[in-house]
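# Report on the structure
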Amino acid sequence: MNSNAVIAIHGGAGTILRTSMSASAETEYHAALNAVLSAGQRVLAEGGSALDAVSEAVRLLEDCPLFNAGHGAVYTAAGTHELDAAIMDGHTLDAGAICCVKRVRNPVLVARRVLERSEHVLFTGEGAEAFAAAQGLEFVDNGYFDTEARYRQWQLAREQQRPMLDHDGATLAAAADATPDATSNAASEAKGDAMPHEPIDPNRKFGTVGAVALDRHGHVAAATSTGGVTNKQVGRVGDTPLIGAGCYADDATCAVSTTGSGEMFMRMVAAYDVAAQMAYRRVTLEEAAHDVVMNRLPRIDGRGGLVAVDVHGNVTLPFNTEGMYRGFARLGEAPVTAIYR
Ligand code: ASP
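Residues numbered from 1 in each chain as written. Predicted model: local features only at pLDDT ≥ 70, side-chain atom pairs only at ≥ 80, totals over all residues. Heavy atoms only, no water.

### Quick notes on the site of the ligand
Definition in use: We call a residue near a molecule or strand whenever a single non-hydrogen atom of that residue lies within 4 Å of it. N or O atoms within 3.5 Å of each other form a polar contact, as long as, within protein, one can give a hydrogen and the other can take it, and as long as residues adjacent in sequence are counted only when both atoms are side-chain atoms. Note on residue classes: Ala, Val, Leu, Ile, Met, Phe, Trp, Tyr, Cys and Pro are nonpolar, Asp, Glu, Lys and Arg are charged, and everything else, Gly too, is polar.
Surrounding the ligand, one finds 11 residues, the nearest of these being Gly 207, Thr 208, Arg 236, Asp 239 and Thr 259. Take Thr 208: an N or O atom from its side chain is 2.7 Å from an oxygen atom of the ligand. Within the backbone of Gly 262, one N or O atom sits 3.1 Å away from an oxygen atom of the ligand. Here the residues of the shell around the ligand are counted per class, giving one nonpolar, eight polar and two charged.

### A few points about the UniProt feature "binding site: substrate" (unreviewed entry) in the protein
Which entries qualify depends on this criterion: UniProt positions are given in the numbering used here, feature names are shortened, and annotations may be inferred rather than shown by experiment. Under the scheme used here, helices are H or I runs from DSSP no shorter than 4 residues and strands are E runs no shorter than 2 residues, and both carry numbers assigned from the N terminus.
Mapped onto this numbering, the UniProt entry annotates "binding site: substrate" (unreviewed entry) at Arg 236, Val 237, Gly 238, Asp 239, Thr 259, Gly 260, Ser 261 and Gly 262. Position of Gly 260 among the secondary structure elements: in strand β9 (residues 254–260). As for its placement among the helices and strands, Ser 261 is situated in the loop between β9 and α9 (262–267).

### Concerning the side chain of Gln 41
Applied cut-off: Two residues form a contact once any of their heavy atoms are found within 4.5 Å.
Residue placement: Gln 41 occurs in helix α1 (residues 23–45). A polar contact is formed between the side chain of Gln 41 and the backbone oxygen of Glu 333, at a distance of 2.6 Å. If we skip the residues at most four places from it in the chain, Gln 41 touches Ile 7, Ala 329, Arg 330, Leu 331, Gly 332, Glu 333 and Pro 335.

### Some details on the side chain of Thr 208
Structurally, Thr 208 is set in the loop between β5 (205–206) and β6 (209–214). In this structure the side chain of Thr 208 is engaged in a polar contact, spanning 2.7 Å, whose partner is the side chain of Thr 226.

Right, here's the structure in full:
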């Protein structure tokens, strides 16, 4: 039995500034990350597989409106939601993924079924939903994914697309406060599903969720799930559901889940590059992940981060943005969570 079992998660990276985040929002994020890590820890403590731990962690993150995946997903340019997810087992190299789904409640559970029960790896749109239906998975109306906070981000992204590109979250929050509907947002915060000072610029808003784990049997797994980027064109797919870009796991090297500007992560094949550098350059997990996030991605203006774990229980959570919602938990130890640099 491997005594180094560990789970690490992220809830997205971006322009997350301490100055524009309220104390109560900060507490809420830490509590949510802690709860998810504790659930993942339980799975591992009971001898569950890394695959079970990452599915459960990502399912919970999808159900939490604070994060851009499942309930709380961002809006497309058409005002709808399209979700992507992937999962990979480092023991067998089996993988499953879906993209552009509109009505499945938990995309990660569909991806898991693809991994387990299909000869294919990636399903898109209607085909993915037909597969999910045949598997008896839960369906919801597209409106289930709506949240007031993401709606406001979408409005801001639409209104301020050009000049807002370089603004940070503090500017965004200030602009939002100046709008007449700021009070309705406060009301929705009372309902518990909005962040009046949502600290991430919607144009730089990378709120994907993900998890990586090493189980007591010595195997690793990774899962990633997202609503994509705010105001994306209908049909746009990012790195998240692409094995090797947004998600990768191999017992021989590591498990990786990414978050950030998906187009750049795709072009850099970011998740796989961490594993490949370990295999071919014989560098540590830390060195490989650092190189991808701090050197390679910035070359093409790739912004974001990743969480990764290797079979020895090493964990790394690098990001090149102002913040990344993140945390990890080892068996028998209290979870560690963080937001800022
Ligand atoms: N990588 C995701 C995408 O491009 C976005 C994110 O990480 O928030 O769809």
